[in-house]
Amino acid sequence: MQASEEREPSEGTAMLSGDSRPVVVKTRRGDVECAFLGHGPPVLALHGAMGGYDQALLLARTAGVPGFRYVAPSRPGYLGTRLALGRSPAEQADLYRDLLDALGIERVAVMAISGGGPSALQFALSHPDRCGGLVILSSVCTRVETRLPLAWYLMRITARCGPLVAAMRRKAEQDPERSARRSIPDPIVRARTLADPEAGPLLRELQRSSFDRMQLRLPGSENDVAVTRRDQWFALERITAPLLVVHGTNDKAAPFAQAQILAARVPGAELLAIEQGEHVCIFTDRDKVRARVGSFLRAHAPAESATTPSS
């Protein structure tokens, strides 16, 4: 145990660098863009809206811990993975199975955030023999009734205008504090997070990444919004994989009631409630989240190595 702890600083530094480049993995359904990070038991990292493989890696680097091999695909409709490969949670769950088959991976733990949550839940239901454990962060399990913010509609318009997106990215880079106000309204928490030597750079990277190839992130984002705005009939009581739910109590994008429903209906589920946490609680309360996620993954990630394919 002591030797493992001594190795963690260098491994953690490597995780924070986020220098893994994507490859194209050929599956039965079609080409899936995917990146990889770390070594050890495999963990499938699933990003949320306005994401892609880069934000799946960011999820692994923010909420994950060293000692695992993170498999980070661009979900359908994001960057290099076509939306036609899977619009519904069920279709996406089958795509994850096909991706694992192509990589020669039998079982994984799954870590999903926000819009990646529904397909992760469906994966645990459709392919229970492939899912050794499930971590759901800031996501939903039933229909979301809250209205979409005006910023969502403005983003859909600006995403199609390259020069405007570039100007917005420059503005975000010049004033990260202002960019973080919408996601972290509390000025004390916002200042503390941005000043943190690890969480701060990760949050700023999230802000920048959404502006990179924004138009290629839009089809998947629109699809995720559509999925969460219609009735979802997950047989949550039938999920057999160990489940950890991580959610901020003040999350406006995915109300905390969603986490309470999920934790109550899945047998044996654990709930880590981040008091006053917002949708970005994996950044504002990173140490607390990582400690719980790390112990959960060490207990439930299948002891199996992932394969990195060539493009």
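This is a predicted model, so every value here is computed, not measured.

A.B. asks: What should I look at first to understand the overall build of the protein in this one?
C.D. replies: Within the protein one finds 13 helices and eight strands. Its C-alpha atoms give the protein a radius of gyration of 18 Å, within 12% of the compact-globule value 19 Å for 311 residues. By its C-alpha atoms, the protein is 45 × 45 × 40 Å across when sized along the principal axes. Across the 311 residues that make up the protein, the buried fraction comes to 53%. The contacts of the protein with a sequence gap of at least 6 include a subset with a gap of at least 24, amounting to 77%. The distance from the centre of the 39 positive side-chain charges to the centre of the 34 negative ones in the protein is 6 Å.

A.B. asks: Explain the side chain of T284 here, please?
C.D. replies: When you line up the elements, T284 lands in helix α12 (residues 281-284). At 2.9 Å, the side chain of T284 forms a polar contact with the side chain of D285.

A.B. asks: Help me understand the pairing of strand β3 (residues 42-46), please; the structure alone is not making it clear to me.
C.D. replies: Walk down a regular strand and you will see the side chains alternate between the two sheet faces. Counting buried positions along β3 gives five out of five residues, so the element sits mostly inside the fold. Where burial is concerned, the two faces of β3 agree: the one with P42, L44 and L46 and the one with V43 and A45 are both buried. Relative to strand β4 (residues 69-73), β3 runs parallel, the two sharing three bridges. Each bridged residue has a counterpart across the sheet, and for L44 the counterpart in β4 is V71.

A.B. asks: Sorry, what's going on with the UniProt feature "domain: AB hydrolase-1" (unreviewed entry) in the protein here?
C.D. replies: The feature "domain: AB hydrolase-1" (unreviewed entry), as given by UniProt, occupies residues 41-283 in the numbering adopted here. Span residues 41-283 is 44% helix and 14% strand, its end C-alpha atoms 24 Å apart.

A.B. asks: Is there a simple way to think about the nonpolar core in this case?
C.D. replies: Soluble, globular proteins show a tendency: their nonpolar side chains are buried together. With 39 residues, the main nonpolar core has Y70, M111, L137 and V293 as its most contacted residues. Counting 38 residues, the second-largest nonpolar core is a separate cluster that includes L95, I105, A120 and F256.

A.B. asks: In this structure, what is going on with the sheet that holds strand β2 (residues 31-37)? I would like to understand it.
C.D. replies: Taken in spatial order, the eight strands of this open sheet run β1-β2-β4-β3-β5-β6-β7-β8, and their pairing is mixed. The open sheet has two free edges, formed respectively by β1 (23-26) and β8 (270-274), since each of these has just one partner strand. On average, each strand axis in the sheet is tilted by 25 degrees relative to the strand beside it, whichever way the strands run. Of the pairings in the sheet, the one linking β1 to β2 comprises four bridges and is antiparallel in character. Bridge pairing in β2 links V25 to V32.

A.B. asks: What exactly am I supposed to notice about the confidence of the model for the protein here?
C.D. replies: Note that predicted coordinates carrying low pLDDT should not be read in detail. Put simply, the protein has an average pLDDT of 90, and 91% of its residues get 70 or more. Of the regions scoring below 50 in pLDDT, residues 1-14 engages in six contacts with residues more than four places distant in sequence or in other chains.

A.B. asks: Just checking my understanding: could you explain the pairing of strand β5 (residues 108-113) for this structure?
C.D. replies: Across the six residues that make up β5, a large majority, six, are buried. Every second residue of β5 is oriented toward a common face, with V108, V110 and A112 on one face and A109, M111 and I113 on the other, all of them buried. Alignment of β3 against β5, held across four bridges, turns out to be parallel. Each residue of the ladder has a partner; that of L46, found in β5, is A112. Note: β5 against strand β6 (residues 131-137), six bridges, orientation parallel. Paired with M111 across the bridge in β6 is V135.

A.B. asks: Any chance you could explain the pattern of salt bridges here in plain terms?
C.D. replies: Pairing of side chains with opposite charge becomes possible as their charged atoms draw close. In this structure the tally under the stated criterion is 22 salt bridges. The partner of R156 in a salt bridge is E222, with the nearest N and O atoms 3.0 Å apart. Of this pair, R156 sits in helix α5 (residues 150-158) while E222 sits in helix α10 (residues 218-228), and the two are 66 residues apart along the sequence. Here R292 and E270 are joined by a salt bridge, their closest N and O atoms 3.5 Å apart. Separated by 22 residues along the polypeptide, R292 in helix α13 (residues 286-300) and E270 in strand β8 bring together distant segments of the chain. Residue R292 is classed as partly exposed on the basis of its relative accessible area of 28%. One connected set of salt bridges, linked through shared partners, spans R28, R29, D94, R97, D98, D101 and R130.

A.B. asks: Even after reading the chapter, I still don't get α13, so can you show me in this structure?
C.D. replies: Residues separated by three or four positions in an α-helix point in the same direction, a consequence of the helix having 3.6 residues per turn. Spanning 15 residues, α13 covers 21 Å between terminal C-alpha atoms, matching the ideal 21 Å at 1.5 Å per step. Those residues of α13 not exposed but buried are R286, V289, R290, V293, G294, F296 and L297.

A.B. asks: Even after reading the chapter, I still don't get a nonpolar patch on the surface, so can you show me in this structure?
C.D. replies: Judged by side-chain polarity, L150, Y153, L154 and I157 come together as a nonpolar surface patch covering roughly 440 Å² of accessible area. Examined against the element boundaries, L150 turns out to sit in helix α5. Overall, the relative accessible area of 60% leaves L150 in the exposed class.

A.B. asks: Would you mind showing me how to read unusual backbone geometry here?
C.D. replies: Both trends apply: most residues other than glycine have a negative phi, and most peptide bonds are in trans. The residue S114 is not glycine, and still its phi comes out positive at about 50 degrees. Since its relative accessible area comes to 21%, S114 is described here as partly exposed. For Q276, which is not glycine, the phi torsion reads 65 degrees and is therefore positive. One can find Q276 in the loop between β8 and α12. Overall, the relative accessible area of 59% leaves Q276 in the exposed class.

What counts and how
- Residues numbered from 1 in each chain as written.
- Predicted model: local features only at pLDDT ≥ 70, side-chain atom pairs only at ≥ 80, totals over all residues.
- Heavy atoms only, no water.
- Helix = DSSP H or I, 4+ residues; strand = E, 2+ residues; numbered from the N terminus.
- Rg over C-alpha atoms; globule rule 2.2 N^0.38 Å.
- Buried < 20%, exposed > 50% of the residue type's maximum accessible area, 1.4 Å probe, protein only.
- Contact = heavy atoms within 4.5 Å.
- Lys, Arg positive; Asp, Glu negative; His and termini not counted.
- Charge placed at Lys NZ, Arg CZ, Asp CG, Glu CD.
- Polar contact = N/O pair within 3.5 Å; in protein donor to acceptor, adjacent residues only side chain to side chain.
- Pairing = 2+ DSSP bridges.
- UniProt positions renumbered as here; feature names shortened; annotations may be inferred.
- Core = buried A, V, L, I, M, F, W, Y, C linked by side-chain atoms within 4.5 Å.
- Axes fitted to C-alpha atoms, helices over the stretch in contact; angles between N-to-C directions.
- pLDDT = per-residue confidence, 0-100.
- Salt bridge = Lys/Arg side-chain N within 4 Å of Asp/Glu carboxyl O.
- Expected span 1.5 Å × (residues − 1).
- Patch = residues over 30% accessible without salt bridge, like charges linked within 9 Å, V, L, I, M, F, W, Y side chains within 5 Å.
- Areas by Shrake-Rupley, 256 points an atom, 1.4 Å probe, with all protein chains shown as cover.

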